Amino acid sequence: MIETMAGLAEAKQRVQKLRELLNHHNYRYYVLDSPEISDAEYDQLMRELQKLEDEYPELITPDSPTQRVGAAPLEAFGVVEHPQPLLSLANAFDDDELDAWYKRASNLLGGRQTDFVCELKMDGLAVALTYVNGLLEVGATRGDGFRGENITQNLKTVRSIPLSVSKDAPRRFEVRGEVYLPKAGLKKLNQEREKEGLPLFANPRNAAAGSVRQLDSRITAQRPLDIFIYGLGWAEGKAMPETHWEIMQYLRSLGFKINPNNALCKTLDEVKTYYKHWLDRLETLPYDVDGVVVKINRIAYQDELGYVGREPRWAIAYKFPATQGTTRLLDIGINVGRTGSLNPYAIMEPVQVGGVVIKQAALHNEEDIHRKDIRIGDWVIIQRAGEVIPEIVGPIPSRRTGKEEIFHMPKRCPVCGAEVIKPEGEAMHRCTNAACPAQALEKIKHFASRGAMDIEGVGEKLCQALFEAGMVKDAADLYYLTKGQLVNLERMADKSTTNVLKSIEASKERPLARVVFALGIPQIGSETADLLVEHFSSIDELAQAPMEKLLEIPSIGPKIADSVLAFFRQKENQRIIEKLRQAGVRLEEKKTKAKDLPLAGLEFVITGRLDVSPRPEAEVRIKALGGKAGSDVTRKTNYLVVGTDPGSKLARAQSLGTTILSEEEFLKMLKEAEGKSK
Ligand code: IVH
């Protein structure tokens, strides 16, 4: 008996210690994004706690980190009455509407000056979290604003929601925020659903809502959900700061996750600058955002302004231009790519989405079209994100008339008429004719394109004209063009022919990795081409490399190796390489010893966005000059290059005394070094 008592007391102590540790690491990982221990070590602590709680169930408390794992299925969600309703927001779609909102508010405030808090408007699900005596008691959805669903069990699985807060917190209070699924999480979830044949989530909000409103919280626990808290609903038993901004700082100090991109703006012009800043950088955010929420900062002013209907007068959602639209799918066209793949694309009734007219969208492959159940004639939802090619999210089945047609890949190549096959295990259909003109033309276009031989003036149109005129049948023919031939082409003046011939000539000196990439060997992108060239310093060496040699290169597997072997085995490809050699295209690497290069021994780290030379390009340039491009600032780092919106690396570099370069200084240094290495 005495022994078990001692056991219990000891267990209790250890359980407490473990909870402290787990809460601390949980906070580091999920709220600060800055873990101090590995996932495995975290799991180890969690298992130890779980074991002790199994042994001594009397030690289990509702805020124990083990309670996040997901409990048995809920019967159904209970209803939660919101003591203060969760409201919605009025929208503004341009600066004029924002001005009008402010003018109204400012008039009501009798012209008193105010500042604003700008927050990113998360595309997720609104929730309210009530804490009583420091413990999370209820988590609820917004519902109709007055009554929501009780989803406490599910919200407990969201790691960035604290299960308990410090004793200094108000005795009872409610915070509000947006639960969301980061872009990467949504992508992964949809990939898994695709494998299981389940319908895909069309947008992050659906995915977050679908995940949080699971009857079985164990499913919720598996989704990488996250939260940003954006407001205090109400608080009892403690005075709260007088501005929204300070309240957010206070909530952050209690352990809540507040978006670090929120900003305090003094004037409406600053608000507009904030909006434009993020509109240009939506792609860089790891989550989806559909606008900026602008809030009048002073709580007393908010109270004075009050509400119209269900919308506060003290806040507005300044929306970003739409990224989704609906239109009709008129037909499905096919492009034949350079490896013979048949690439379907959507031909649609033109529609404006976010100020851009869209009439075509990528469709990937037949399986994808069938999985999404897209039929010719359907009304479809389309989506564009920044500069990427628009995509069809899915059909709108309720708008079908019955006349829609199911799409099938043609049995014959639409360009050359040869048989089309779908190789085992591949998603793409392929034309079987290696001499298919479509493939030949695409190969030439690829050869001359930017990342490849980068032949200025030889774009898609000129390639097509040269190909159709029979002057260029394969990429090597470009090097045998004459002025006489070129001037005969439409729209080729004397000057442009000279320029084209000059840039073709200049391309003969491209680095070997470019040539390897330009050849268009299936599976070989520009990075793999770089890798190959690190190990083989001429085309001949590469062409003669046996399987074992290729497989010795880290990250080159049998699939890529097979593709390389098959490519160099083909007579046609050997012939093209000979023609390139005869024309004087450099087919071997210029060897400079790394230690003789101007940046040898120097390590650079880049933080923030570079305007003139984007980061990947800058890193390639550093490496080409013998330098190293690191990802973290350490004592070994010689230079930190600071672009726009630098991250925490800047502070680290400052504390280590690392030399800091502006983008301008860095470019100057590169230019000088490049001058030296020529
Ligand atoms: S404030 C009365 N701030 O937008 C103020 N809402 O249409 C109401 N949302 O359902 C909300 N990010 O879920 C606020 N930083 C943010 C927000 C935000 C997203 C959502 C919220 C609400 C909807 C309002």
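Before any of the text, the structure's been laid out above.
Residues numbered from 1 in each chain as written. Predicted model: local features only at pLDDT ≥ 70, side-chain atom pairs only at ≥ 80, totals over all residues. Heavy atoms only, no water.

1. Thoughts on the overall build of the protein chain
Across its full length, the protein chain carries 24 helices and 26 strands. Considering only C-alpha atoms, the protein chain reaches an extent of 90 × 65 × 60 Å along its principal axes. Burial status across the protein chain gives 45% buried among its 678 residues. Of all intrachain contacts in the protein chain linking residues separated by at least 6 positions in sequence, the fraction that spans at least 24 positions is 66%. Charge centroids of the protein chain, computed over 92 positive and 96 negative side chains, lie 2 Å from each other. (Helix = DSSP H or I, 4+ residues; strand = E, 2+ residues; numbered from the N terminus. Buried < 20%, exposed > 50% of the residue type's maximum accessible area, 1.4 Å probe, protein only. Contact = heavy atoms within 4.5 Å. Lys, Arg positive; Asp, Glu negative; His and termini not counted. Charge placed at Lys NZ, Arg CZ, Asp CG, Glu CD.)

2. A short note on the site of the ligand
Surveying the vicinity of the ligand reveals 14 residues, the closest of which are Glu119, Ala126, Glu178, Tyr230 and Lys295. A distance of 3.3 Å separates an oxygen atom of the ligand from a polar backbone atom of Leu89. When the ligand sits alone it has 520 Å² of accessible area, and the protein chains cover 87% of it. Of all elements in the fold, only β3 (116–122) and β10 (289–296) reach the threshold of two or more residues within the shell around the ligand. Top element by residues in the shell around the ligand is β3. It accounts for 4 residues. (Near = heavy atom within 4 Å. Polar contact = N/O pair within 3.5 Å; in protein donor to acceptor, adjacent residues only side chain to side chain. Areas by Shrake-Rupley, 256 points an atom, 1.4 Å probe, with all protein chains shown as cover.)

3. Focus: the nonpolar core
Soluble globular proteins tend to pack their nonpolar side chains together in the buried interior. Judged by nonpolar contacts, the single largest core of 54 residues is most densely connected at Leu478, Val516 and Leu532. For this core, the elements supplying multiple residues, two or more each, are α12 (437–448), α13 (460–468), α15 (494–506), α16 (512–518), α17 (526–535), α18 (539–544), α20 (558–569) and α21 (571–583). Counting 34 residues, the second largest nonpolar core, distinct from the first, contains Ala169, Leu181, Leu189 and Phe201. (Core = buried A, V, L, I, M, F, W, Y, C linked by side-chain atoms within 4.5 Å.)

4. Some points on the packing of aromatic side chains
If you walk through the whole model with that rule in mind, you get 14 aromatic pairs. For the ring pair Tyr131 and Phe173, a centre distance of 5.2 Å and an interplane angle of 10 degrees mean the geometry is stacked. Of this pair, Tyr131 sits in strand β4 (residues 125–132) while Phe173 sits in strand β7 (residues 172–180), and the two are 42 residues apart along the sequence. Summarising the aromatic geometry, the rings of Tyr180 and Phe228 are spaced 5.4 Å apart at their centres and angled 20 degrees between planes, so their arrangement reads as stacked. A residue pair is termed long-range when its members are at least 10 positions apart, and Tyr180 in strand β7 and Phe228 in strand β8 (residues 226–236) qualify at 48 residues. Given the relative accessible area of 3%, Tyr180 is considered buried. Among the aromatic residues, those joined into a cluster by ring pairs are Trp101, Tyr102 and Phe116. (Phe/Tyr/Trp six-rings, centres within 6.5 Å; stacked < 30°, edge-to-face > 60°.)

5. Looking at the packing of α12 against α13
One can describe the packing of α12 onto α13 by two numbers: an axis separation of 9 Å at closest approach and a directional angle of 135 degrees. Overall, the two elements α12 and α13 adopt an arrangement that is oblique. α12 and α13 meet at a crossing whose hand is right-handed. Contact with α12, carried on its side by Pro437, Ala440, Leu441, Ile444, Lys445 and Ala448, involves Glu460, Cys463, Gln464 and Phe467 of α13 and no other residues of that element. Residue composition of the contact of α12 with α13, grouped by class: 7 nonpolar, 1 polar and 2 charged. (Axes fitted to C-alpha atoms, helices over the stretch in contact; angles between N-to-C directions. Parallel < 35°, antiparallel > 145°, perpendicular 65-115°, else oblique. Left-handed = near helix turned anticlockwise from the far one by under 90°. Nonpolar A, V, L, I, M, F, W, Y, C, P; charged D, E, K, R; others polar.)

6. Here we look at the sheet that holds β4
Read from one edge of the open sheet, 4 strands run β5-β4-β7-β8, paired in antiparallel fashion. Sheet topology places β5 (135–141) and β8 at the edges, where each strand pairs with a single neighbour. Within this sheet the neighbouring strands show an average axis-to-axis angle of 25 degrees, counted without direction. Relative to β7, β4 runs antiparallel, the two being bridged by 8 bridges. Looking at the pairing, Leu125 lines up with Val179 of β7. Running over the sheet, helix α8 (residues 244–253) touches β7 and β8 and is turned about 110 degrees from β8. (Pairing = 2+ DSSP bridges.)

7. Some details on the sheet that holds β10
Here 5 strands make up an open sheet; going across it, the order is β2-β13-β10-β3-β9 and the pairing mixed. Of all strands in the sheet, those with a lone pairing partner are β2 (91–92) and β9 (263–265), marking the two edges. Contacts between helix α3 (residues 95–108) and the sheet are confined to β2, β3, β10 and β13 (315–319), with β13 contributing the most and set at about 175 degrees to the helix. Against the sheet, helix α9 (residues 268–279) contacts β3, β9, β10 and β13, and its axis sits at roughly 25 degrees relative to β3.

8. Comments concerning the pattern of salt bridges
Tallied over the entire structure, the rule returns 36 salt bridges. Across the pair Asp477 and Lys579 runs a salt bridge whose closest N-O atoms are separated by 2.6 Å. Of this pair, Asp477 sits in the loop between α13 and α14 (483–487) while Lys579 sits in helix α21; the two residues are 102 residues apart in sequence, bridging distant segments of the chain. Pair check on accessibility: Asp477 and Lys579 agree, each one buried. Arg581 is the partner of Glu578 in a salt bridge, and the nearest nitrogen-oxygen pair spans 3.1 Å. Of this pair, Glu578 and Arg581 both sit in helix α21, 3 residues apart, which is roughly one turn of the helix. Taken together, the salt bridges that share partners define one network made up of Asp474, Asp477, Glu572, Arg575 and Lys579. (Salt bridge = Lys/Arg side-chain N within 4 Å of Asp/Glu carboxyl O.)

9. Topic: the side chain of Lys257
One can find Lys257 in the loop between α8 and β9. In terms of polar contacts, Lys257 uses its side chain to reach the side chain of Asp226, at 3.0 Å.

10. Describing the packing of α20 against α21
The geometry of α20 relative to α21 is characterised by a closest axis approach of 5 Å and an angle of 75 degrees between their N-to-C directions. In terms of axis orientation, α20 runs roughly perpendicular to α21. On the side of α20, the interface is formed by Phe567, Phe568 and Arg569, while α21 contributes Lys571, Asn573, Gln574 and Ile577. The class makeup of the residues in the contact of α20 with α21 is 3 nonpolar, 2 polar and 2 charged.

11. Overview of α20
Taking 1.5 Å of rise per residue, the 12 residues of α20 would be expected to cover 16 Å, and the 16 Å separating its terminal C-alpha atoms lies within 8% of that figure. Of the residues making up α20, those classed as buried are Ile560, Ala561, Ser563, Val564, Leu565, Phe567 and Phe568. Residues of α20 that are buried sit in contact with α17, α18, α19 (547–551) and α21. (Expected span 1.5 Å × (residues − 1).)

12. With respect to unusual backbone geometry
The backbone of Gln523 shows a phi angle near 80 degrees, a positive value even though the residue is not glycine. Tracing the backbone through its elements, the reader meets Gln523 in the loop between α16 and α17. Of note in this structure, Asp645 is not a glycine but carries a positive phi near 50 degrees. Here Asp645 shows up in the loop between β25 (639–642) and α23 (649–656). Judged by relative accessible area, which is 42%, Asp645 ranks as partly exposed.

13. What to know about the pairing of strand β14 (residues 324–336)
The side chains of a regular strand alternate between the sheet's two faces. Sheet topology note: the β14/strand β18 (residues 379–383) ladder contains 5 bridges and is antiparallel. Residue pairing across strands places Arg328 opposite Trp379, the latter belonging to β18. Note: β14 against strand β15 (residues 342–353), 7 bridges, orientation antiparallel. Each residue of the ladder has a partner; that of Asn335, found in β15, is Asn343. Hairpin remark: β14 followed by β15, antiparallel, with 5 residues in the connecting loop; positive phi at Gly340, about 90 degrees.

14. Details of the environment of Gly255
Within the secondary structure, Gly255 is located in the loop between α8 and β9. When the C-alpha atoms of Gly255 and Ser166 are compared, they prove to be 8.5 Å apart, with 89 residues separating the residues in sequence.

These figures come from the coordinates and say nothing about function on their own.
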